[in-house]
Amino acid sequence: MKRTSTRLADGREIFYYDTDSDTDPAPVRTVPDTRPLDAGDTAPTSEVRRDPLLGDAVVIASHRQGRTHLPPAADCPLCPSTAGRASEVPAPDYEVAVFENRFPSLAGDTGRCEVICFTPDHRTSFAELDEARAALVLAAWTDRTAELAAREGVRQVYCFENRGTEIGVTLAHPHGQIYAFPFVTPRTTRMLAGVAAHRDRTGGNLFEEVLAAERAEGTRVVLEGEHWTAFVPYAARWPYEVHLHPHDRVPDLPALGDAARRELPGLYLELLRRFDRLFAVPDPTPYISAWHQAPTGEGREDFALHLELFTVRRTADKLKYLAGTESGMEAYMNDVRPEDAAVRLREVASP
């Protein structure tokens, strides 16, 4: 893997990741961004506030109201630039590109937001990539996690993909995002509290015990490799929800061993392809794919890297909307038994 870095017209960083480390990328990877952008045009005004009752951090980012929203394919800002149209990616072609978000929720003292483009092809999806490209995306996630986690003030790095307008996606191009939070997210804080309480009570690691129990019981296991297991959690919140864990617990993507890293692209692609085969509809399945990684400080030693993949579609023609109990009280009601979801996800395995 080779990384080439340069800057966009307003000073934001952009990184190109290429599979062939011996290829000189200079002719295309260092094409200048000639757009008339000024660093002050999109200066973020985000701030982090604390909920006084719950203690949760909430980001206020009112400057994002004017961000790009569902542009036509011809105006996609994530496609490579052409002679007649300059995009967020100045190069005329790329394999994987990562750049600072022009409309970030987090910036400066409140962290950083990056966009990762999985492919220059606007019409495809992550599930249609080959294993080599998926491995390059994994390498980019790993590289960005290591670099961002080392920055002063960053408490947690979160790599994720939202796909589908049903999820709220505003750009159709295959892409994800990478957030560097200046705080430990509420979801992770709750997980860490449960893990710490379990260790105090039993001396064991709750992540390891959950994975071992799911592998032993087996009814909710969807896919199992030599180094990874994917399962529907016992108390799944979403109609079709899968958690993917490495067998050897590590805190984050940079800590993965070589064998687990080699096996991951194929397993991950298979999971995404199964999600696309769940429903007999022409549209791709909307989903959120979220990498849960350890904080950079306290709690890191007990955390377990894992992927959470779920869809808001519950049947071919019905979506799972958060009801008043869920949005108002965080009391989830699932319409699909986790065991039945696991059966269905095994049924749609690749031939």
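Above this text sits the structure in question.
Residues numbered from 1 in each chain as written. Predicted model: local features only at pLDDT ≥ 70, side-chain atom pairs only at ≥ 80, totals over all residues. Heavy atoms only, no water.

Draft legend 1. Broad picture of the overall build of the protein. Per the secondary structure count, the protein includes 7 helices and 15 strands. Each principal axis of the C-alpha distribution contributes one length, and for the protein these read about 55 × 50 × 45 Å. Working note: accessible area of the protein is about 16,300 Å², and carbon and sulfur atoms make up 51% of it. (Helix = DSSP H or I, 4+ residues; strand = E, 2+ residues; numbered from the N terminus. Areas by Shrake-Rupley, 256 points an atom, 1.4 Å probe, with all protein chains shown as cover.)

Draft legend 2. Examining the pattern of salt bridges more closely. Under the definition given, this model contains 36 salt bridges. In this structure, arginine 144 engages glutamate 147 in a salt bridge whose closest nitrogen and oxygen atoms are separated by 3.2 Å. Residue arginine 144 and its partner glutamate 147 are both found in helix 2 (residues 131–149); the two are separated by 3 residues, about one turn of the helix. Residue glutamate 147 is classed as partly exposed on the basis of its relative accessible area, which comes to 25%. (Salt bridge = Lys/Arg side-chain N within 4 Å of Asp/Glu carboxyl O. Buried < 20%, exposed > 50% of the residue type's maximum accessible area, 1.4 Å probe, protein only.)

Draft legend 3. Region of the structure containing the packing of aromatic side chains. Overall, the coordinates contain 15 aromatic pairs when judged by the stated rule. With 6.2 Å between their ring centres and 65° between their planes, tryptophan 141 and tyrosine 268 make a pair best called edge-to-face. Here tryptophan 141 is found in helix 2, whereas its partner tyrosine 268 is found in helix 5 (residues 258–276), with 127 residues between them in sequence. Taken individually, tryptophan 141 and tyrosine 268 each receive the classification buried, so the pair is uniform in this respect. Ring centres of phenylalanine 181 and phenylalanine 183 lie 5.2 Å apart, and the angle between their planes is 50°; this geometry places the pair in the tilted category. For the pair phenylalanine 181 and phenylalanine 183, a shared accessibility class is recorded, and that class is buried. (Phe/Tyr/Trp six-rings, centres within 6.5 Å; stacked < 30°, edge-to-face > 60°.)

Draft legend 4. Here's a closer look at the nonpolar core. Ile116, Phe126, Trp141, Trp228 and Trp291 are the most contacted members of the largest nonpolar core, which has 53 residues in total. The element that contributes the greatest number of residues to this core is helix 5, accounting for 8 residues. In this view, phenylalanine 126 contacts Phe118, Ala134, Val137, Trp141, Glu161, Tyr268, Leu269, Leu272 and Tyr287; residues no more than four positions away in its chain are not counted. Judged by nonpolar contacts, the second largest core, of 14 residues, contains Leu8, Tyr16, Cys76 and Val89. (Core = buried A, V, L, I, M, F, W, Y, C linked by side-chain atoms within 4.5 Å. Contact = heavy atoms within 4.5 Å.)

Draft legend 5. Main features of the sheet that holds strand 5 (residues 96–100). Pairing within the open sheet is antiparallel, and its 11 strands lie in the order 1-2-5-6-8-7-12-13-11-10-9. Of all the strands in the sheet, just strand 1 (2–7) and strand 9 (221–224) have a single pairing partner and so form its edges. Pairwise comparison of adjacent strand axes, ignoring direction, gives a mean angle of 20° for this sheet. (Pairing = 2+ DSSP bridges. Axes fitted to C-alpha atoms, helices over the stretch in contact; angles between N-to-C directions.)

Draft legend 6. Representation of the pairing of strand 10 (residues 228–231) in the model. On strand 10, burial covers both faces: Trp228 and Ala230 on one face and Thr229 and Phe231 on the other are all buried. Bridge count for strand 9 against strand 10 is 3 bridges, and the pairing is antiparallel. Of the residues in strand 10, the one forming a bridge with glutamate 224 is threonine 229. Hairpin connection of strand 9 to strand 10: 3 residues between the antiparallel strands.

Draft legend 7. Here's a closer look at the environment of leucine 148. By the element assignment, leucine 148 lies in helix 2. Linking leucine 148 and glycine 111, residues 37 residues apart in sequence, is a C-alpha distance of 9.2 Å. Apart from residues no more than four positions distant in its own chain, leucine 148 is found in contact with Arg112, Glu114, Val154, Val157, Ile178 and Ala180.

Draft legend 8. Seen up close, the packing of helix 3 (residues 186–202) against helix 4 (residues 206–217). Running from amino to carboxyl end, helix 3 crosses helix 4 at an angle of 90°, the nearest separation of the two axes being 9 Å. It follows from the interaxial angle that helix 3 and helix 4 lie roughly perpendicular. Listed contacts from helix 4 to Met191, Gly194, Val195, His198 and Thr202 of helix 3 are Leu206, Phe207 and Glu209. When the residues that make up the contact of helix 3 with helix 4 are grouped by side-chain class, the tally is 4 nonpolar, 3 polar and 1 charged. (Parallel < 35°, antiparallel > 145°, perpendicular 65-115°, else oblique. Nonpolar A, V, L, I, M, F, W, Y, C, P; charged D, E, K, R; others polar.)

Draft legend 9. Looking closely at the packing of helix 2 against helix 5. At their nearest, the axes of helix 2 and helix 5 sit 9 Å apart, and the two run at 115° to each other. Here helix 2 and helix 5 pass one another in a crossing that is right-handed. Residues Glu131, Ala134, Ala135, Leu138, Trp141 and Thr142 of helix 2 form the contact with helix 5, whose own contacting residues are Arg261, Leu264, Pro265, Gly266, Tyr268 and Leu269. Class assignment of the residues belonging to the contact of helix 2 with helix 5 gives a composition of 8 nonpolar, 2 polar and 2 charged. (Left-handed = near helix turned anticlockwise from the far one by under 90°.)

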